[in-house]
Amino acid sequence: MEALTGWWDDFFWGSLVVVEIFFVALILTVLFGLIGSAAKLSKSRVAHSIASAYTIVFRGTPEILVLLLFYFGSAITLTAIAQVFDPEIKFVDIPPFWAGSLAIALIVGSYATETFRGAFLGVDPGQVEAARALGLSNLKTFIYVRIPAMWRLALPPFGNHMLSLIKDTALIAIIGLEETLFVAKQAIGTTGKPFTMYIVVGAIYLGFSTVITLSVMVLERYANRHLEVAR
Amino acid sequence: MSFDFALIVDSIPKILTGIGLTFQLLFLSAVLGLALAIILLLMRISGRWYLVAPTMVYIYIFRGTPILVQIFIIYYGLPQLEFVRDSIFWPILREAFGCAIVALTLNTGAYVSEILRGGVLGVDRGLKEAGAALGLSARHRFIYVTAPIAIRLCLPAYSNDVISLMKSTALASTITLLDMMGIARTIVAETYAPYEIFISVMVVYLILTWIIQRGFGWMEKRMSRHVRSEA
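What you are looking at is a predicted structure, and each value in this text was computed from that prediction instead of being measured. (Residues numbered from 1 in each chain as written. Chains lettered and ligands numbered in written order. Predicted model: local features only at pLDDT ≥ 70, side-chain atom pairs only at ≥ 80, totals over all residues. Heavy atoms only, no water.)

Participant: Honestly, the overall build of chain B in this entry has me stumped. Any pointers?
Facilitator: Looking only at helices and strands, one finds 11 helices and zero strands in chain B. Order of helices (α) and strands (β) in chain B, N terminus to C terminus: α-α-α-α-α-α-α-α-α-α-α. With the principal axes as the frame, chain B shows a C-alpha extent of 70 × 60 × 25 Å. Put simply, chain B has 231 residues, and 45% of those count as buried. Looking at chain B alone, contacts between residues at least 24 apart form 76% of all its contacts between residues at least 6 apart. Of the roughly 12,200 Å² that chain B leaves accessible, carbon and sulfur atoms contribute 67%. Placing the 19 positive and 14 negative side-chain charges of chain B at their respective mean positions leaves the two points 13 Å apart. (Helix = DSSP H or I, 4+ residues; strand = E, 2+ residues; numbered from the N terminus. Buried < 20%, exposed > 50% of the residue type's maximum accessible area, 1.4 Å probe, protein only. Contact = heavy atoms within 4.5 Å. Areas by Shrake-Rupley, 256 points an atom, 1.4 Å probe, with all protein chains shown as cover. Lys, Arg positive; Asp, Glu negative; His and termini not counted. Charge placed at Lys NZ, Arg CZ, Asp CG, Glu CD.)

Pasting the structure below:
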């Protein structure tokens, strides 16, 4: 335990990076999931096949592969583009924070696509017809009727997606993001105590997972409050 | 920057030399993980608190932390502890391969035991009661009534877990193992052609995912052939 003296604040800042990346990726995941499920449910053949290709590719390949492809791929492309303007430039990359959050959001977004698709299909068609009959536009029906009815159904599996998201943030340390795993590596370099440091990282992630699990429980209670028996 | 097809043709055979290691990691940890999952399941449904509590803690820890952190704790962390180095497990934990198998097994065991539990809980109570009425002992009821139905119920979820296990084997490349991912990363480090190499290895992983899906799909169909509707 003495080995940890002086590293607590680094672990704290590392955890903060995890939180930041989690929220950025969470927003993107919801976005990709909504777009993907809308495309899968649309009548357009093109949109449907693009969305299918998206879910097949991102659910069928290792997360680390997507991450590395994104980071190194974007770096090589950006460097090539930059060199057109200034041949002196040696290396340009997307910051690991953005490459990483985009990559894990695309991965978890492909799972969310399927979840949202199922949830949209689970919405009672009568409700949508009622909204139509009331003269609500397509957009208004989507926002005021479909989404509130669907998120109740999507919440339990989406809780699992949030857990995957927080756990996937650990991978971003591989491309050099200064989050907890990265801090641990530095701490090991000076203290020579790998077990202690990685256990701390594990404990931090366990804490995050617990918070997410509890939040999902609270959200589920809130979403289903109208179904609770009056006391 | 251009897409170098000759490089792809050149490197695919090299990448495929790692497929054996990927398969070894997948099969060994799938089989050992399933055995572990069954033990955990039996402990979990035993109804004895001193068996249930440790199982719940185990599952909570292994599902709540990233697999990458688990791999690092086992590979980099455990050698810090003297009693691990003196133990009989040291020959396994000294090797990166052994560590990867241990980490993947412990991780997948936690997930699979929850899937199995879902299957066991999904078995109709009436069937178990019928078994009891026929005078079958608890053990016989579990083996001849609950287990066959539970296996069929949890097969779809289990196939997803095998796919995510396959994706997790790619993380073995972070502890120096040269599975397909490890080889791909080495080639990228030499050629600096992330698109060509990573996309090729991505295709190989997609094919593996497809094969696993197809295999389990076939099994599901076979196991539920008696419930297929007469069409």
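Participant: Even after reading the chapter, I still don't get the side chain of Ser74(A), so can you show me in this structure?
Facilitator: Along the chain, Ser74(A) falls in helix α3 (residues 63-85). Here the side chain of Ser74(A) touches Phe70(A) through a polar contact of 2.8 Å, landing on its backbone oxygen. (Polar contact = N/O pair within 3.5 Å; in protein donor to acceptor, adjacent residues only side chain to side chain.)

Participant: Mind showing me how you'd approach the packing of helix α8 (residues 194-223) of chain A against helix α4 (residues 67-77) of chain B here?
Facilitator: For any two helices packed against each other, the geometry is given by the interaxial angle and the distance between the axes. Two numbers describe how α8(A) lies on α4(B): the axes approach to 9 Å, and their chain directions differ by 165°. Overall, the two elements α8(A) and α4(B) adopt an arrangement that is roughly antiparallel. Note on packing geometry: the crossing formed by α8(A) with α4(B) is left-handed. Mapping the contact onto sequence places Pro194(A), Phe195(A), Tyr198(A), Ile199(A), Val201(A), Gly202(A) and Tyr205(A) in α8(A) and Val69(B), Phe72(B), Ile73(B), Tyr76(B) and Gly77(B) in α4(B). Across the contact of α8(A) with α4(B), the residue classes tally to 10 nonpolar, two polar and no charged. (Axes fitted to C-alpha atoms, helices over the stretch in contact; angles between N-to-C directions. Parallel < 35°, antiparallel > 145°, perpendicular 65-115°, else oblique. Left-handed = near helix turned anticlockwise from the far one by under 90°. Nonpolar A, V, L, I, M, F, W, Y, C, P; charged D, E, K, R; others polar.)

Participant: Just to check I follow, could you spell out helix α3 (residues 49-64) of chain B for this structure?
Facilitator: Residue pairs spaced three or four apart in an α-helix point in one direction, given the helix's 3.6 residues per turn. Taking 1.5 Å of rise per residue, 16 residues should cover 22 Å, and α3(B) covers 22 Å from first to last C-alpha, within 8% of that figure. When we look at burial in α3(B), the residues that qualify are Val52(B), Thr55(B), Tyr58(B), Ile59(B), Phe62(B) and Gly64(B). On its buried face, α3(B) sits against α6 (138-168) and α8 of chain A together with α2 (19-44), α4 and α7 (96-122) of chain B. (Expected span 1.5 Å × (residues − 1).)

Participant: Any chance you could explain the interface of chain A and chain B here in plain terms?
Facilitator: Buried accessible area, meaning the area lost when the parts come together, often serves as the stated size of an interface. In this assembly, 40 residues from chain A lie in contact with 36 residues from chain B. With both sides pooled, the region where chain A packs onto chain B buries about 3,300 Å², and carbon together with sulfur makes up 77% of that total. There are one salt bridge connecting chain A and chain B. Lys167(B) is the partner of Glu63(A) in a salt bridge, and the nearest nitrogen-oxygen pair spans 3.9 Å. Scanning the region where chain A abuts chain B turns up 11 residue pairs in polar contact (both at pLDDT 80 or more). Of all the secondary-structure elements, those providing two or more residues to the side of chain A that touches chain B are α2 (45-60), α3, α7 (180-191) and α8 of chain A. (Buried area = accessible area lost by both parts, 1.4 Å probe. Salt bridge = Lys/Arg side-chain N within 4 Å of Asp/Glu carboxyl O.)

Participant: What exactly am I supposed to notice about a nonpolar patch on the surface here?
Facilitator: Residues and elements named next belong to chain B. A surface patch of nonpolar side chains, amounting to about 690 Å² of accessible area, comprises Phe3, Phe5, Ile199, Val203, Ile207, Trp210 and Ile211. By residue number, the principal contributor to the nonpolar patch is helix α11 (residues 194-223), which donates five residues. Overall, the relative accessible area of 39% leaves Phe3 in the partly exposed class. (Patch = residues over 30% accessible without salt bridge, like charges linked within 9 Å, V, L, I, M, F, W, Y side chains within 5 Å.)

Participant: What am I meant to see in the nonpolar core here?
Facilitator: Soluble globular proteins: nonpolar side chains tend toward being buried together. The biggest cluster of nonpolar side chains holds 125 residues, and the ones touching the most others in it are Phe11(A), Leu181(A), Met197(A) and Phe198(B). The element that contributes the greatest number of residues to this core is helix α4 (residues 96-122) of chain A, accounting for 12 residues. Not counting residues within four places of it along the chain, the set of residues in contact with Leu181(A) comprises Ala170(A), Ala173(A), Tyr198(A), Val201(A), Leu68(B), Val69(B) and Phe72(B). By size, the runner-up hydrophobic cluster in this structure holds six residues, among which are Tyr58(B), Ile59(B), Phe62(B) and Ala110(B). (Core = buried A, V, L, I, M, F, W, Y, C linked by side-chain atoms within 4.5 Å.)

Participant: Any chance you could explain the environment of Tyr60(B) here in plain terms?
Facilitator: Relative to the helices and strands, Tyr60(B) is located in helix α3. A C-alpha to C-alpha distance of 37 Å links Tyr60(B) and Val188(B), two positions 128 residues apart in sequence. Leave out the neighbours within four places in its chain, and Tyr60(B) touches Leu206(A) and Thr210(A).

Participant: Help me understand the pattern of salt bridges in this model?
Facilitator: Side chains that carry opposite charge are capable of pairing whenever their charged atoms lie near each other. Overall, the coordinates contain six salt bridges over all chains when judged by the stated rule. Between Glu114(A) and Arg117(A) there is a salt bridge whose closest N-O contact spans 3.6 Å. With Glu114(A) and Arg117(A) both in helix α4 and three residues apart, this pair spans about one turn of that helix. Judged by relative accessible area, which is 29%, Arg117(A) ranks as partly exposed. Its salt-bridge partner being Arg117(B), residue Glu114(B) comes within 3.6 Å of it at the nearest N-O pair. Residue Glu114(B) and its partner Arg117(B) are both found in helix α7; the two are separated by three residues, about one turn of the helix. On the basis of relative accessibility, which here comes to 23%, the residue Arg117(B) falls in the partly exposed class.

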